[in-house]
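Residues per chain, in single letters:
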Amino acid sequence: HTVALCGLHGMQAVSVEIDAMKHDIQQITMSNFDGVISKFRDSAVSSLWFFKGDNKADVSFLDEYNKVAADLKGMAKVCAISCTDWPLFCEKQGVKETPAVMIYPTNPMPAFKYEGKMESKGVLAKVARFIPDFTTKVTKENVDGFITTDPTKPKVLLFSNKKTPPTIWKALSSETVFK
């Protein structure tokens with residue numbers, strides 16, 4: 001038994017294994033795509049990684065994509081689908097090579113293929129850009145109106161010298177975040 005364990009110790013995974021206990025990626029199928037992504041296009045941004053289980057480029061992209069899923073947890077749906085298991089679905093989506101990522105912004109914006117380096121930083125930035133922003137920039141001219149309008153709605157102020165709000169702030173500004 002010891003020899004077998006030593007022999008396996010140095011081996012690398014040669015297939016994509018998305019484990020719900022280790023990864024924040026939601027693996028979907030052709031049959032639940034509409035219920036997971038399409039149904040929520042009016043209020044949620046999603047990304048979908050198309051992969052082939054035995055493709056080395058996909059195996060190495062798994063950790064990068066999981067960083068995106070971890071960073072956007074609760075703010076965007078970060079999903080994956082196997083083109084090994086669902087080749088017709090991938091073909092209908094126009095995916096010929098993997099890894100490929102499609103981004104599904106809120107309606108009415110059309111879905112599009114991510115065209116950049118297949119690394120977490122680029123994918124994360126592109127998906128985060130489409131998270132709806134319902135924040136209000138408060139100035140000395142509008143502060144009184146902001147505070148007194150809709151008194152039942154909680155108000156939170158962020159003091160910052162940045163030009164745009166952080167991604168988490170945009171996500172929290174949505175009406176749907178607390179539903």
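Parameters at a glance
Residues numbered from 1 in each chain as written. Predicted model: local features only at pLDDT ≥ 70, side-chain atom pairs only at ≥ 80, totals over all residues. Heavy atoms only, no water. Buried < 20%, exposed > 50% of the residue type's maximum accessible area, 1.4 Å probe, protein only. Helix = DSSP H or I, 4+ residues; strand = E, 2+ residues; numbered from the N terminus. Arc of directions from axis to C-beta. Contact = heavy atoms within 4.5 Å. Salt bridge = Lys/Arg side-chain N within 4 Å of Asp/Glu carboxyl O. Disulfide = S-S within 2.5 Å. Core = buried A, V, L, I, M, F, W, Y, C linked by side-chain atoms within 4.5 Å. Pairing = 2+ DSSP bridges. 1 Å grid on protein atoms, 1.4 Å probe; cavity = no way out; pocket = protein on both sides within 12 Å on 5 of 7 lines; lining within 4 Å. Points joined across faces, edges and corners; volume = space filled by probe spheres on them. Patch = residues over 30% accessible without salt bridge, like charges linked within 9 Å, V, L, I, M, F, W, Y side chains within 5 Å. Areas by Shrake-Rupley, 256 points an atom, 1.4 Å probe, with all protein chains shown as cover.

Novice: For this particular structure, what's the right way to read helix α5 (residues 120-129)?
Specialist: Because each turn of an α-helix spans 3.6 residues, side chains separated by three or four positions in sequence point in the same direction. The complete set of buried residues in α5 reads Ser120, Val123, Val127 and Ala128. Buried residues in α5, looked at end-on, bunch into an arc of 125 degrees, giving them a common side. Facing away from the buried side of α5, by more than 90 degrees, are the exposed residues Lys121 and Arg129. Next to the buried residues of α5 lie β2 (46-51), α3 (56-71), β4 (100-104) and α7 (167-172).

Novice: Whenever I open this one, the pattern of salt bridges confuses me. Can you help?
Specialist: Two side chains of opposite charge can pair, provided their charged atoms sit close to one another. Applying the stated criterion to the full structure yields 3 salt bridges. With a shortest N-O distance of 3.0 Å, Lys73 and Asp24 are connected by a salt bridge. Of this pair, Lys73 sits in the loop between α3 and β3 (77-82) while Asp24 sits in the loop between α1 (2-9) and β1 (26-27), and the two are 49 residues apart along the sequence. What makes Lys73 exposed here is its relative accessible area of 58%. Judged by relative accessible area, Asp24 falls into the partly exposed class, the value being 32%. A salt bridge links Glu64 to Lys67; the shortest N-O distance between them is 3.3 Å. Separated by 3 residues within a single helix, Glu64 and Lys67 lie in helix α3, roughly one turn from each other.

Novice: What am I meant to see in the state of the cysteines here?
Specialist: Where two cysteines share a covalent bond between their sulfur atoms, that bond is called a disulfide. In total, this model carries 1 disulfide according to the counting rule given. Cys83 shares a disulfide with Cys90; S-S distance 2.1 Å. Residues Cys83 and Cys90 are joined by a disulfide whose S-S torsion is about -95 degrees; by sign, that bridge is left-handed. For the residue pair Cys83 and Cys90, the accessibility class agrees, reading buried in each case.

Novice: Whenever I open this one, the nonpolar core confuses me. Can you help?
Specialist: Nonpolar side chains in soluble globular proteins generally cluster together in the buried interior. Ranked by internal contacts, the top residues of the largest apolar core, which has 25 residues, are Ile18, Ile25, Trp49, Tyr65, Leu72, Val101 and Val123. Those elements giving two or more residues to this core turn out to be β2, α3, β3, β4 and α5. For this core, the leading source of residues is α3, giving 5 residues. In this view, Val123 contacts Phe61, Tyr65, Val68, Val101, Tyr114 and Lys117; residues no more than four positions away in its chain are not counted.

Novice: What's the story with the pairing of β4 in this structure? I'm lost.
Specialist: Working note: regular strand, side chains alternate between the two faces of the sheet. Of all the 5 residues making up β4, 5 are buried; the element is thus mostly covered by neighbouring parts of the structure. Side chains of β4 alternate between two faces, with Ala100, Met102 and Tyr104 and Val101 and Ile103 buried alike. Pairing analysis gives 5 bridges linking β2 to β4, with the strands arranged antiparallel. Residue pairing across strands places Ser47 opposite Ile103, the latter belonging to β4. Inspection of the sheet shows β4 paired to strand β5 (residues 112-113) by 2 bridges, in the antiparallel sense.

Novice: How do you make sense of the layout of surface pockets when you look at a structure like this?
Specialist: To find leftover empty space, one rolls a probe the size of a water molecule over the atoms. For the largest pocket, the calculated volume is near 1100 Å³. Considering the residues around the largest pocket, the lining is formed by 28 residues, among which Thr135, Thr136, Phe146, Val156 and Trp169 are closest to the centre.

Novice: Explain a nonpolar patch on the surface here, please?
Specialist: Judged by side-chain polarity, Ile147, Leu157 and Phe159 come together as a nonpolar surface patch covering roughly 350 Å² of accessible area. Looking at the element boundaries, Leu157 is found in the loop between α6 (143-148) and α7. In this structure Leu157 comes out as partly exposed when scored by relative accessible area, which is 41%.

Novice: How should I be thinking about the sheet that holds β2 in this particular structure?
Specialist: Consider a sheet: its strands pair through backbone hydrogen bonds, and that pairing is either parallel or antiparallel. Taken in spatial order, the 5 strands of this open sheet run β1-β3-β2-β4-β5, and their pairing is mixed. For this open sheet the edge positions go to β1 and β5, each flanked by a neighbour on one side alone.

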